[in-house]
Amino acid sequence: MCLTRHVLARCSVGMGDTRLEPLVLSEAERLTLQNWAKRRSTAQGLAKRARIVLACAAGGNNTAVAARLGMDRKTVARWRTRFLRDRLDGLSDEPRPGVPRTITDAQVEEVVVRTLGEVPEGATHWSKRELARRVGISPTSVLRIWRAFGLQPWRAQDFKISPDPLLIDKIRDVVGLYLAPPANAAVFAVDEKPQIQALERTAPVLPMVPGTPERRSFDYVRHGTVDLFAALNTATGKVIGKLSAQHRAVDFRDFLDQIDRQTDPGLAVHVICDNCEDHGVSQGAGA
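Residues numbered from 1 in each chain as written. Predicted model: local features only at pLDDT ≥ 70, side-chain atom pairs only at ≥ 80, totals over all residues. Heavy atoms only, no water.

J.: Explain the sheet that holds strand 4 (residues 268-273) to me, using residue names and the numbers behind them.
T.: In spatial order, the strands read 3-2-1-4; together these four strands make up an open sheet with mixed pairing. Looking at which strands have only one partner, the edges of the open sheet turn out to be strand 3 (239-244) and strand 4. Mean inter-strand twist for the sheet, computed between neighbouring axes without regard to direction, equals 30 degrees. Its contacts with the sheet put helix 10 (residues 249-261) on strand 1 (185-201), strand 2 (220-233), strand 3 and strand 4, and the angle it makes with strand 3 is roughly 150 degrees. (Pairing = 2+ DSSP bridges. Helix = DSSP H or I, 4+ residues; strand = E, 2+ residues; numbered from the N terminus. Axes fitted to C-alpha atoms, helices over the stretch in contact; angles between N-to-C directions. Contact = heavy atoms within 4.5 Å.)

Shown next, in the form of structure tokens:
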């Protein structure tokens, strides 16, 4: 009796369980399932379900198909049942529970198109409330759409195109001095901080104590302004500085003389500076 049951069990696995409804595919269904199972752009879940149905159609009960594909028997049974009931449509994901979607694709498109191509009258850019009023959705929904598409209409960045026909050559000279300075030369990056205010509080600063931060008087007395020149040696990191009580070209020339005095006489000096009006005497890469 045990031997007979064992033989019948083996025949059931090899020939298919007669208690299961046979799964027969049409040629169109087989072709669609094969495309879903092989195509890289198909969602992995759908590709897995397509392989389950193809294996079931090839024969074998749920246990045999699960063992062949390396997955749980209940998973195979679920998708076999879904396919037999709804065919190909049964392999799609069912709608998830929860509140149904209230924003249409047309409204999402309108938000994106208006944000990119229009400006509201009397304003520089759309606000979420104004655009929500125009489209007919909530401001929070507008903000979600902006985040999804990476839109930030309230932000702007400035740029400037130089009219200098020699700009590329100058950039190569300056970058070359930083990246590959010439031999027997010292390269200095020079800049200035003008209008540094010399201030004095009308009362002494009260130090911090437990439970109370440092306190300063609100008003102060101005003692004029100073101009700070600084030169960074790009090779050594040494900084040469000079303070000036005035903002004049002659003070900048004196600072260049100071750099020359503090640099080894055997080295050629290259100065890189910005286009501040004081620097008219020294524009260019070399000094």
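This is not the end of the story, as more comes after the structure.
J.: Lay out the confidence of the model for the chain with the relevant residues and their values.
T.: With 85% of its residues at a pLDDT of at least 70, the chain reaches an overall mean of 80. For the stretch residues 1-16, pLDDT sits under 50, and the model shows six contacts to residues farther than four places along the chain or on other chains. Across residues 278-287, where pLDDT falls below 50, the model places 27 contacts with residues more than four positions away in sequence or in other chains. (pLDDT = per-residue confidence, 0-100.)

J.: Explain the environment of Arg 144 to me, using residue names and the numbers behind them.
T.: Note that Arg 144 resides in helix 8 (residues 139-149). Sequence separation between Arg 144 and Lys 128 is 16 residues, and the spatial gap between their C-alpha atoms is 10.0 Å.

J.: Summarise the pattern of salt bridges; cite the residues concerned and give the values.
T.: Side chains that carry opposite charge are capable of pairing whenever their charged atoms lie near each other. Using the criterion set out here, one finds nine salt bridges in the structure. Among the ionic pairs, Glu 110 bridges to Arg 114, the shortest N-O distance being 2.9 Å. Taken together, the residues span about one helical turn, with Glu 110 and Arg 114 both in helix 6 (residues 105-117) at a distance of four residues. Overall, Glu 110 belongs to the partly exposed group, its relative accessible area being 27%. The class for Arg 114 is buried, based on a relative accessible area of 17%. Close ionic contact of Arg 114 with Glu 118 constitutes a salt bridge, the shortest N to O distance being 2.9 Å. In this structure Glu 118 comes out as partly exposed when scored by relative accessible area, which is 35%. Put simply, Glu 110, Arg 114 and Glu 118 are held in one network by salt bridges that share partners. (Salt bridge = Lys/Arg side-chain N within 4 Å of Asp/Glu carboxyl O. Buried < 20%, exposed > 50% of the residue type's maximum accessible area, 1.4 Å probe, protein only.)

J.: Explain helix 6 to me, and be specific about the residues and the numbers.
T.: Helix length check: helix 6 (13 residues) gives 18 Å between terminal C-alpha atoms against 18 Å at 1.5 Å per residue, within 8%. Among the residues of helix 6, Gln 107, Val 108, Val 111, Val 112, Arg 114 and Thr 115 are the ones counted as buried. End-on view of helix 6: buried residues confined to an arc of 170 degrees, all on one side of the axis. Opposite the buried face of helix 6, by more than 90 degrees, sit the exposed residues Asp 105, Ala 106, Glu 109, Leu 116 and Gly 117. (Expected span 1.5 Å × (residues − 1). Arc of directions from axis to C-beta.)

J.: Give a detailed account of the packing of aromatic side chains, specifying residues and quantitative values.
T.: Aromatic ring pairs are reported here in terms of the distance separating the ring centres and the angle at which the planes meet. For the structure on display, the rule yields three aromatic pairs. Ring geometry for Trp 146 against Trp 154: centres 6.0 Å apart, planes inclined by 55 degrees, an arrangement best described as tilted. Look at Trp 146 and you get buried, because its relative accessible area is 2%. Its relative accessible area of 47% is what places Trp 154 among the partly exposed residues. Where Phe 229 meets Phe 255, the ring centres are 5.6 Å apart and the plane angle is 20 degrees; that geometry is what we call stacked. Separated by 26 residues along the polypeptide, Phe 229 in strand 2 and Phe 255 in helix 10 bring together distant segments of the chain. Taking the relative accessible area as the measure of exposure, Phe 229 reaches 0% and is therefore buried. Look at Phe 255 and you get buried, because its relative accessible area is 0%. Here a set of aromatic residues connected by ring pairs shows up, and it is made of Phe 229, Phe 252 and Phe 255. (Phe/Tyr/Trp six-rings, centres within 6.5 Å; stacked < 30°, edge-to-face > 60°.)

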